[in-house]
Amino acid sequence: MIYTLPDGRQVDLSKVESISKIRDYGQVDNIVQKYLIGFSIRLTNKEIIEVKDIYHYSDWSEVKLRMNKLREDIINQWKSMQ
């Protein structure tokens, strides 16, 4: 099953080995008060797909919720294939 990420990239869920927890990647270079949050998807061929979103500190909770929903959706569809 192919899953399309919000940025248009596609992931073959049959090749997913693991999905990391959501983590903060820290501040974006040269952009004041902008940070990255996201998670990674490890495929069976050892390729890693980083799923990230930029947020301003005041938008953290909204972006975190959106990332949680995306991650949970991917995990649910991945588990339904097994």
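Structure's up top.
J.: Hey, could you go over the packing of aromatic side chains for me, with residue numbers and the actual values?
T.: Counting across every chain of the model gives one aromatic pair. Against the face of tyrosine 25 rests lysine 52, its NZ or CZ located 4.4 Å from the ring centre.

J.: I'd like a description of the environment of tyrosine 57, backed by residues and values.
T.: Looking at where tyrosine 57 falls in the secondary structure, it is placed in the loop between β6 (48-56) and α1 (60-81). Residues tyrosine 57 and lysine 34 lie 23 residues apart in sequence; the distance between their C-alpha atoms is 7.1 Å.

J.: Could you give an account of the pattern of salt bridges, naming the residues involved and the relevant values?
T.: Applying the stated rule across the entire model yields four salt bridges. For lysine 46, the salt bridge goes to glutamate 17, with nearest N and O atoms at 3.4 Å. Of this pair, lysine 46 sits in the loop between β5 (34-43) and β6 while glutamate 17 is found in strand β3 (residues 16-19), placing the two residues 29 residues apart along the sequence. Look at the salt bridges and you will find they share partners, linking Asp53, Glu62 and Arg66 into a network.

Rules behind the numbers
- Residues numbered from 1 in each chain as written.
- Predicted model: local features only at pLDDT ≥ 70, side-chain atom pairs only at ≥ 80, totals over all residues.
- Heavy atoms only, no water.
- Phe/Tyr/Trp six-rings, centres within 6.5 Å; stacked < 30°, edge-to-face > 60°.
- Lys NZ or Arg CZ within 6 Å of the ring centre and 35° of its normal.
- Helix = DSSP H or I, 4+ residues; strand = E, 2+ residues; numbered from the N terminus.
- Salt bridge = Lys/Arg side-chain N within 4 Å of Asp/Glu carboxyl O.

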